[in-house]
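Residue-level structure breakdown
So you can see what is in the structure, the chains are spelled out below.
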Amino acid sequence: MTKSRAFLKWAGGKYKLVDQIATRLPAATRLVEPFVGAGSVFLNTDFDSYQLSDINPDLIGLYNSLKQRPDAFIDDARKFFVPENNDKQVYYHLRSEFNQTTDVWERSLLFLYMNRFGYNGLCRYNKKGGFNVPFGSYKKPYFPEKELYFFAEKAQRANFVCEGYAQSFARAKAGDVVYCDPPYLPLSTTANFTSYATGGFSLDDQALLADCAADAATRGVPVLISNHDTPLARKLYHESKMETIQVQRSISQTATGRKKVDELFALYR
């Protein structure tokens, strides 16, 4: 099967790992994802239906806009992908427009524009909730028309909801399988835990997620979680069946200069 790319750039996206993930997902009729992100697992699996969530309302607003009116959305989005918008001043003007509007359609279009024209496809907000990713300075940002249409078509099988992981787990029922791709644990104890937690996902959340997974398994809902393979992850996921694979990842230079990192899959069933 040819792999399908997400139309969004996404830090920690699972495109390279989808085959490894798909083979480890138990059979089910519906896939539940509490951390849908750019949707690579959704796009590259074949379940009857999907329950896809994220706590970012802009991401879910974009997915629902595209799902409900694909042709209109793609036509409107294309208008942003012109050479004159690939300019620092224009980018900051449009970013400011995004931060001032509450219109879901407009925010969705601008969210896609900033994802492609902004720095590294990052998604980051300041404490007041303002999107603050700087301009990316790319030669010619790619308009992902093909990827948008593919997503829109597959989205007809999906329900997109803005909610936290606990709510997603509460929805899961027999016949479902849950895949979790939470913000990853720091690779080492020297990593800064405070900056890590500003993303809104604390160490308590990591522990609570493991509890949710163990509880779902007792209700007959299998759960697969991926994370960095660290001693803390192994401690948190002690009730699961764990597997490690090596993943090529661009990480900051460590003392050993390691380029491959260990990825942990924790299966609860």
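In the block above lies the structure referred to throughout.
All of the points below concern the structure found in this document. In this text the structure is predicted, and so the values were computed from the model without any measurement.

Cut-offs applied
- Residues numbered from 1 in each chain as written.
- Predicted model: local features only at pLDDT ≥ 70, side-chain atom pairs only at ≥ 80, totals over all residues.
- Heavy atoms only, no water.
- Pairing = 2+ DSSP bridges.
- Helix = DSSP H or I, 4+ residues; strand = E, 2+ residues; numbered from the N terminus.
- Axes fitted to C-alpha atoms, helices over the stretch in contact; angles between N-to-C directions.
- Contact = heavy atoms within 4.5 Å.
- Buried < 20%, exposed > 50% of the residue type's maximum accessible area, 1.4 Å probe, protein only.
- Expected span 1.5 Å × (residues − 1).
- Polar contact = N/O pair within 3.5 Å; in protein donor to acceptor, adjacent residues only side chain to side chain.
- Phe/Tyr/Trp six-rings, centres within 6.5 Å; stacked < 30°, edge-to-face > 60°.

**Quick look at the sheet that holds strand β7 (residues 260–268)**
- The strand order across the open sheet built from 7 strands is β3-β2-β1-β4-β5-β7-β6, with neighbouring strands paired in mixed fashion. The open sheet has two edge strands, β3 (158–162) and β6 (241–248), and neither has a second partner. The average angle at which neighbouring strand axes cross in this sheet is 20°, direction not considered.
- Pairing analysis gives 5 bridges linking strand β2 (residues 49–54) to β3, with the strands arranged parallel. Note that in β3 the partner of Y50 across the bridge is A158.
- Lying on the sheet, helix α3 (residues 57–68) is in contact with β2 and β3; it crosses β3 at an angle near 150°.

**A look at the pairing of strand β5 (residues 223–228)**
- Among the 6 residues of β5, 6 are classified as buried, and the element is accordingly described as predominantly covered.
- Pairing of strand β4 (residues 176–180) with β5, which is carried by 3 bridges, proceeds in the parallel orientation. Looking at β5, one finds that Y179 is bridged to L224.
- Summarising the sheet, β5 and β7 pair through 6 bridges and their orientation is antiparallel.

**A few points about helix α6 (residues 104–117)**
- Look at α6: 20 Å from first C-alpha to last across 14 residues, which is about the 20 Å you get at 1.5 Å a residue.
- If you check which residues of α6 are buried, you get W105, R107, S108, L109, L110, F111, L112, Y113, M114, N115, R116 and F117.
- Elements that come into contact with the buried residues of α6 comprise α3, α4 (70–78), α5 (88–100) and α7 (145–154).
- Here α6 starts with a cap whose side-chain oxygen sits 3.3 Å from the backbone nitrogen of W105, and that cap is D103.

**Quick look at the packing of aromatic side chains**
- One pass over the structure, following the stated rule, counts 23 aromatic pairs.
- Ring centres 6.0 Å apart and planes at 85° place the aromatic pair F7 and Y63 in the edge-to-face group. Of this pair, F7 sits in the segment before α1 (18–24) while Y63 sits in helix α3, and the two are 56 residues apart along the sequence.
- When its relative accessible area of 1% is taken as the criterion, F7 is described as buried.
- Between the aromatic rings of F80 and Y113, the centroid separation amounts to 6.0 Å while the plane-to-plane angle is 45°, which identifies the pairing as tilted.

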